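Structural features, examined
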Amino acid sequence: MSQQKPASSRPPLSKERQQQARRRVLRTILLTGGVLGAALSGYLPLAYAQRQRLRPPGALDEKDFLASCIKCGQCVQVCPVQAIRLADLIDGFGVGAPYIDARAQACDFSCDAVQCILACPTGSLTYHKPEFLAVRAGAGLAAKPILKAKEKDAEPTLNLAERIGVARLTRPEACLAIQGKGFKGQARGPGFKGEMRYMEVDRWKPIPVRDHPYDVPECDLCVRECPIKDAISIETVYAPDGTQRKSPVVHEPCVGCGVCEMICPVEPAAIEIVPREVWKT
Amino acid sequence: MSTPLKDRFLTQILVMFGREPSRPQAVAPAAQKLHEFKRGNRDFIAEKLHARAHATPSHKWRNRRWATLIVANLLFVVSFYLDIQILEGALTASRFVGFHLIDLNSALQVMLAHKHIINNLLIGTGTVLVLWVLLGGRTFCSWVCPYHLLAEWAEKLHLVLVKKKLVSDQTIDRRLRSVFWVIFAVLAAVTGYTVYEAISPTGILSRALIYGPGLALLWVLALLVFEVFFSRRAWCRYACPIGLTYGVVGIISPLRVKYKLEGCFHEGDCRKVCLVPHVLDTVIKGRAVDTEVPIGPDCTRCGLCVDACPTGSLKFDVKGLSKLL
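Residues numbered from 1 in each chain as written. Chains lettered and ligands numbered in written order. Predicted model: local features only at pLDDT ≥ 70, side-chain atom pairs only at ≥ 80, totals over all residues.

1. What to know about the overall build of chain B
Helix and strand content of chain B: 17 helices and six strands. Relative to the compact-globule value of 20 Å for 325 residues, chain B shows a C-alpha radius of gyration of 21 Å, a close match. Seen through its principal axes, chain B has C-alpha atoms that stretch 60 × 45 × 40 Å. The buried share among the 325 residues of chain B stands at 46%. Long-range pairs, those at least 24 residues apart, make up 73% of the contacts in chain B between residues at least 6 apart in sequence. (Helix = DSSP H or I, 4+ residues; strand = E, 2+ residues; numbered from the N terminus. Rg over C-alpha atoms; globule rule 2.2 N^0.38 Å. Buried ≥ 20, exposed ≤ 12 C-beta atoms within 10 Å, placed from the backbone. Contact = placed C-beta atoms within 7 Å.)

2. Side note on the overall build of chain A
Assigned secondary structure in chain A consists of seven helices and 10 strands. Referenced to the eigenvectors of the C-alpha coordinate spread, the extents of chain A come out at roughly 100 × 40 × 40 Å. Put simply, chain A has 281 residues, and 41% of those count as buried. A separation threshold of at least 6 residues defines the contact pool for chain A, and within that pool the share at least 24 residues apart is 68%.

3. Some remarks on the sheet that holds strand S6 (residues 314-318) of chain B
Residue and element names in this part refer to chain B. Strand order in the open sheet formed by three strands is S5-S4-S6, with antiparallel pairing between adjacent strands. Looking at strand neighbours, the two that pair on one side only are strand S5 (292-294) and S6, the edges of this open sheet. Across the sheet, the mean angle from the axis of one strand to that of its neighbour is 35°, orientation sign disregarded. As paired strands, strand S4 (residues 255-260) and S6 are joined by five bridges and run antiparallel to one another. From the neighbouring strand, Arg256 faces S6, where its bridge partner is Asp317. (Pairing = 2+ DSSP bridges. Axes fitted to C-alpha atoms, helices over the stretch in contact; angles between N-to-C directions.)

4. Description of the nonpolar core
Residues Cys116 of chain A together with Cys305 of chain B are the most contacted members of the largest nonpolar core, which totals 155 residues. When residues are assigned to domains, this core turns out to be shared by domain 1 (3-54 + 256-320) and domain 2 (61-248) of chain B, each giving three or more. Ignoring anything within four residues of it in the chain, the contact list for Cys305 of chain B reads Val257, Cys270, Val273, Cys274, Leu280 and Leu314 of chain B. (Core = buried A, V, L, I, M, F, W, Y, C linked by C-beta atoms within 7 Å. Domains from an automatic or database assignment.)

5. Some remarks on the domain arrangement of chain B
All names here are of chain B. The domain boundaries assigned to chain B delineate domain 1 (3-54 + 256-320) and domain 2 (61-248). Taken over C-alpha atoms, the centre of domain 1 sits 28 Å from the centre of domain 2. Counting residues at the interface gives 16 residues for domain 1 and 17 residues for domain 2. Only helix H1 (3-17) and helix H16 (304-308) provide two or more residues apiece to the side of domain 1 that touches domain 2.

6. Regarding the interface of chain B and chain A
Facing 45 residues of chain B, the contacting portion of chain A comprises 34 residues. Sort the elements by how many residues they give to the side of chain B that touches chain A and helix H10 (residues 195-199) of chain B lands first, with five residues. Of the residues that constitute the side of chain B that touches chain A, the class distribution is 25 nonpolar, 15 polar and five charged. (Nonpolar A, V, L, I, M, F, W, Y, C, P; charged D, E, K, R; others polar.)

7. Looking at helix H1 (residues 15-40) of chain A
Taking 1.5 Å of rise per residue, 26 residues should cover 38 Å, and H1 of chain A covers 37 Å from first to last C-alpha, within 8% of that figure. Among all positions of H1 of chain A, only Leu31, Val35 and Ala39 of chain A are buried. (Expected span 1.5 Å × (residues − 1).)

8. Notes on the sheet that holds strand S3 (residues 99-102) of chain B
Residues and elements named next belong to chain B. Across the sheet, three strands lie side by side as S1-S2-S3; this open sheet has antiparallel pairing. Single-partner strands in this sheet number two, and they are strand S1 (87-90) and S3. The mean inter-strand angle of the sheet, taken between neighbouring strand axes irrespective of direction, is 15°. Taken together, the four bridges between strand S2 (residues 93-96) and S3 define a ladder with antiparallel strand orientation. Its bridge partner lying in S3, Phe96 is registered against Phe99. Sitting on the sheet, helix H4 (residues 60-81) touches S1 and S2, and the angle it makes with S1 is about 105°.

9. Focus: the packing of helix H5 (residues 104-114) of chain B against helix H6 (residues 119-135) of chain B
Residue and element names in this part refer to chain B. At their nearest, the axes of H5 and H6 sit 10 Å apart, and the two run at 150° to each other. The element H5 and its partner H6 pack so that their crossing is left-handed. Taking contact as the criterion, the partners of Leu104, Ala107 and Val110 in H5 are, on H6, Leu121, Thr125, Val128 and Leu129. A class-by-class count of the residues in the contact of H5 with H6 yields six nonpolar, one polar and no charged. (Left-handed = near helix turned anticlockwise from the far one by under 90°.)

10. A word on the pairing of S1 of chain B
All names here are of chain B. Of the strand pairs in this sheet, S1 and S2 are connected by four bridges, and their pairing is antiparallel. The residue bridging Leu87 from the neighbouring strand is Phe96, located in S2. The hairpin formed by S1 and S2 contains two residues between the paired strands.

11. As for the environment of Val255 of chain A
Residues and elements named next belong to chain A. Inspection of the secondary structure puts Val255 in the loop between strand S9 (244-250) and helix H7 (259-263). Residue Val255 is classed as buried on the basis of its 25 C-beta neighbours within 10 Å. Along the backbone, Val255 and Lys71 are 184 residues apart, and their C-alpha atoms lie at a distance of 24 Å. If we ignore the near neighbours within four places in the chain, the residues touching Val255 are Pro57, Leu141, Pro145, Leu160, Arg163, Ile164 and Ile228.

12. A few points about unusual backbone geometry
With an omega dihedral of -10°, the bond running from Glu267 of chain A to Pro268 of chain A counts as a cis peptide bond. You can see Pro268 of chain A is positioned in the loop between H7 and strand S10 (271-275). A positive phi angle is found at Val97 of chain B, which is not glycine, with a value near 35°. Its place among the elements puts Val97 of chain B in the loop between S2 and S3.

Right, here's the structure in full:
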C-alpha cells in the first residue's frame with residue numbers, strides 16, 4: 001500500500017491502479033500517434049507524386065480542388081462513358097477524389113453539357129470560379145469551346161471557362177501521320193474497353209471504340225475524333241532538314257479532354273494530355 | 001424539467017466531450033424515495049431473481065437497425081448500378097431524388113479547408129442537420145454508418161476472445177475524441193486539405209461499396225484488427241470525429257432512449273452491451289437523479305440496451321410525444 005499521504009480529498013491510488021493509469025496514458029498516446037500518422041502520411045504522395053492527375057472538366061486548380069472535393073463520386077455516376085474514376089490510397093489526401101485516365105477512357109463530352117460539373121455539390125468542378133480564385137495565365141480559354149457534335153444546335157458551345165490540360169505530341173517519331181502512314185482496323189485493338197460517342201452512329205449512345213473500325217489512307221484519328229472545334233488539325237510542317245511532312249498540330253481551343261490520347265492507335269500514344277498544362281503561345 | 005435533470009443534461013454534454021461520469025450532486029425527492037425503497041427490500045430482490053430466470057433475450061431493435069443500415073447503404077449501391085437515381089453519391093455527399101444531402105463532418109472539413117461555401121453545400125448540410133436533429137444525432141452512427149456494422153461484428157469476435165482470456169479490453173482516454181476533433185478541424189483549416197477525409201473509415205467504406213474496393217480498405221482492416229485484439233470499439237469510442245459532430249447535433253434532439261428508475265434491477269446488462277456505457281451511468285444503483293431520465297447526447301440510439309433490458313426500464317422516447325398521447 002502507498003505510504004504517501006493523499007494530496008487531495010481523493011483517496012490515494014494503489015500501485016496497481018497507478019500503473020494501470022500510466023499504461024492507459026501510453027495507449028492513448030499510441031492511438032493518437034497511429035491515427036495522426038496515418039492521416040498525415042496522406043501528404044507524402046502529394047509531395048512525391050511522379051505523375052499529375054488529369055481532373056474532370058471544370059476542376060479548380062489542384063490545391064483548391066483537393067480542398068473542396070468531398071469525395072462523393074457524384075461526378076462518376078453521371079458520366080455516360082465512365083471516364084471519371086476515384087483515386088485510391090496511393091493518392092494520399094487525394095484518396096476518393098475523381099480523375100480521368102485519358103488513355104483508358106477519355107472525356108468525349110458525349111453528355112453534351114459537362115454533367116459532372118452539374119453534379120458536383122461543393123463547387124470543386126464548376127462552370128464559374130469564385131472571384132477570389134485566380135485563373136492561371138493560359139488556363140483560361142479564349143472563347144467558349146464549340147462542341148462539334150452540337151455545332152448545328154442553337155447553343156453549340158460547352159460552358160467551360162478553363163482547360164484541364166493541353167494535348168502535346170510527345171512522341172512525334174511514333175506518329176503515323178508524320179510517317180505518312182494510313183491506319184486500318186480497330187484503333188486500340190479488340191481488347192480495348194473504352195467508349196466513344198460517334199455522331200454518325202448514335203448521338204445519345206456511346207459505343208465501344210473497338211466496334212468502330214477505321215480505314216484511312218493517312219492517319220488523322222486524333223483530328224477526326226477531337227470533340228472540340230478547331231482544337232487540332234493536320235498541317236504541313238517543315239522538318240529541320242527542310243523536307244515537308246504532315247503532322248497533327250494542337251491549337252488554342254484545346255481543353256485537354258484526352259480523346260486524341262485515347263484514340264491514338266500507336267502504343268504508347270504519340271499524343272498525350274499534359275494535365276493542368278496551360279496554353280503557351 | 002427538475003433541477004437535478006437540468007444538471008444532468010449539462011454534465012452529459014461534458015461527459016460526451018470526455019469527462020468521466022460521477023455521482024450526481026442532487027437527486028429529486030421522488031427518485032430518492034425509490035432508491036431507499038430498493039435498498040435491501042426482500043420482495044424486490046425476489047422479483048429480480050424471478051425476472052432473471054425468465055428473461056428472454058430480444059434482438060428486435062438490433063435487427064431493425066441492421067436492416068435499416070444495410071438498406072440505406074444498398075440504396076446507394078443499387079442507385080448507381082441500376083442507374084435509378086434515387087440516392088446518388090456516397091455517404092459524404094449525395095442526392096436523394098434530387099435533394100442535396102451532405103454529411104455534416106465532411107461538410108465541415110470542406111468548409112474549413114476550402115473557405116468557400118457554395119449554395120448546394122449549404123443546402124445539403126442544412127437538410128442533413130435538420131434530419132439528424134429530428135432523428136437523434138448519433139443515430140447516424142448506429143443506423144447508417146457502415147463502419148459501425150463491421151465494428152459490431154468485430155466486437156463480437158473481441159468478446160469471444162475476451163471470454164477465452166486470450167485478449168483483454170485496453171481502454172483509452174475518452175477525451176481523445178474531442179482532441180482529434182479539434183486537431184482535424186485545425187488541420188483542415190491550416191493545411192487546406194480535408195485531412196480527415198483521407199482516413200475516414202465511413203467515407204472509405206461507403207465509396208468501396210459503391211465504386212468498388214481499393215487499397216484504402218487496408219486502413220479499415222487495420223482499425224478492425226486493433227479493435228478485435230486490443231481495444232473494444234476503439235475507433236467509435238475514442239477517435240471518430242464524425243461521432244462527436246453528430247453527438248453535438250443530438251444534444252437538442254427529441255428522439256432518445258429514456259430510463260425509468262422504478263422497475264430497474266440495476267444489474268447492468270445494458271452497460272455491458274453499450275458502445276458508450278458512460279451515458280448509462282444513470283442505471284447504477286443510486287445514480288438516477290429522477291424517476292425518469294433521458295439518456296445523454298453521446299448515445300447512438302442503437303437500441304441494444306432496450307433489447308437487453310429485462311424489465312423494460314429503457315425505452316425509445318420522443319420528447320413531448322408521450323405527453324401528447
